[in-house]
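In case you want the letters, here they are:
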Amino acid sequence: MTALRVLRCGLVAALIGLSLLGSIPSTQAATPLTFSGSVGTFLSNTVWTYVDTDSYTVYAEAGQTVTLDLVYSGSCGFASARLDTSIGTVVGSLNLPPGGGSGYVTFNGTQTYSRVMPSSGAVEISVTINSITLGGIPSGCSFLYDMTVTGATLTSPVSDDPVLAAEEAAGLARVHDSSLPVVIYTPAVANDTPFIDIRDLTGVPLLYVSAKELLALPDFPVKNTLIARDGLVSVYKLTTGEYQVNVGPLTDGKVHVIIFDGIPRTHTYGYTFSYP
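We now turn to the structure provided with this report.

Basis of the calculations
Residues numbered from 1 in each chain as written. Predicted model: local features only at pLDDT ≥ 70, side-chain atom pairs only at ≥ 80, totals over all residues. Heavy atoms only, no water. Helix = DSSP H or I, 4+ residues; strand = E, 2+ residues; numbered from the N terminus. Buried < 20%, exposed > 50% of the residue type's maximum accessible area, 1.4 Å probe, protein only. Contact = heavy atoms within 4.5 Å. Areas by Shrake-Rupley, 256 points an atom, 1.4 Å probe, with all protein chains shown as cover. Pairing = 2+ DSSP bridges. Axes fitted to C-alpha atoms, helices over the stretch in contact; angles between N-to-C directions. Disulfide = S-S within 2.5 Å. Core = buried A, V, L, I, M, F, W, Y, C linked by side-chain atoms within 4.5 Å.

Some remarks on the overall build of the protein
Assigned secondary structure in the protein consists of 3 helices and 17 strands. The proportion of buried residues among the 276 residues of the protein is 48%. A fraction of 61% describes how many contacts in the protein between residues 6 or more apart in sequence connect residues 24 or more apart. A total accessible area of about 13,000 Å² is found for the protein, and carbon and sulfur atoms account for 57% of it.

Set out below in structure tokens:
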């Protein structure tokens, strides 16, 4: 292990300990943010479960009201699903199709959700579709959305959050996903020494992918490529140029998957599935 690697490992462990500290509210102004995307489900049989998530990391202050305006459309084919919308935690659920029905059903509509933030720092905005089977018929629903978020920013108020300030000073960025039982670190800015550092929630190292391994990969592999695996954690580079981390199967049989678009990431999405 190189001196640089040892330094980074110690730094990450210190940062995880620092996360137990509180943060101080600031007066940073927040302008509306917009996000667009789609999530969907399909089951090959009635015993599989499938969850698809799009998530975005924003920053808000304690006492600030974060509001999410959701405009959506989509369809369900002989199926139904539930959509959960989160502002750090689930703030609303929607049945798909919203008015019920059977066969092939299209839908559209709007929803507005708000939450007063209990603390300052990173907040995960997400939409998650959960498949539901009907009478033994596999579920298949697609959901397209546009979101406008007010009361939050894309830039962290690092001077008011000791965890974020320390991570930024160390050149680290987290790949956020609240469903993951791990923490994923990458460099905070694009540089010549990318890495993927995966740890458990207490800071114990699980898997490390070095710059040498990452830079040896093509920008767009001809097939999805396993980069590294250790125990229940696997890292892939996809044909799209994205990176994928799988965790599991865990004791409940579930495998958690998160996909991010680059190092550092600007967008993440993922899903959870379980074996029969």
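A short note on the sheet that holds strand β10 (residues 182–187)
In space, the 4 strands of this open sheet follow the order β9-β10-β11-β12, with antiparallel pairing throughout. Lying at the two open borders of the sheet, with one neighbouring strand each, are β9 (172–175) and β12 (205–209). Direction aside, neighbouring strands of the sheet carry axes that sit 25 degrees apart on average. Here strand β11 (residues 196–200) pairs with β12 via 4 bridges, running antiparallel.

Notes on the state of the cysteines
In the structure shown here, the tally under the stated rule is 1 disulfide. With its sulfur 2.1 Å from that of its partner, C76 forms a disulfide with C141. Between C76 and C141 the sulfur-sulfur dihedral comes to about 115 degrees; the bridge is accordingly right-handed. One end of the pair, C76, is in strand β3 (residues 65–77); the other, C141, is in strand β8 (residues 140–150), and 65 residues separate them in sequence. Of the two residues, C76 and C141, neither departs from the other in class, the shared state being buried.

What to know about the pairing of strand β7 (residues 121–132)
As a general feature of sheets, a regular strand has side chains that alternate between the two faces. Burial analysis of β7 places 10 of its 12 residues in the buried class, the great majority of the element. One ladder, built from 8 bridges, connects strand β4 (residues 80–87) with β7; its direction is antiparallel. Each residue of the ladder has a partner; that of T85, found in β7, is V127.

Considerations on the sheet that holds strand β1 (residues 33–42)
Across the sheet, which stays open at both edges, the 4 strands sit in the order β1-β8-β3-β6 with antiparallel pairing between neighbours. Each end of this open sheet is capped by a strand with a single partner; those strands are β1 and β6 (104–116). Ignoring which end each strand starts from, the neighbouring axes of this sheet average 15 degrees apart. Bridge count between β3 and β6: 13 bridges; the pairing is antiparallel. Bridge pairing in β6 links T67 to S114.

As for the environment of G88
Mapped onto the secondary structure, G88 falls in the loop between β4 and β5 (90–96). When neighbours within four sequence positions are excluded, G88 is seen to be in contact with R115, V123 and E124.

What about the nonpolar core?
L70, L83, L96, F143 and M147 are the most contacted members of the largest nonpolar core, which totals 30 residues. Looking at this core, the elements that each hand over two or more residues are β1, β2 (49–60), β3, β4, β5, β6, β7 and β8. Listed in part, the 20 residues of the second largest apolar core include V175, L207, V209 and V247.

By themselves these figures say nothing about function.
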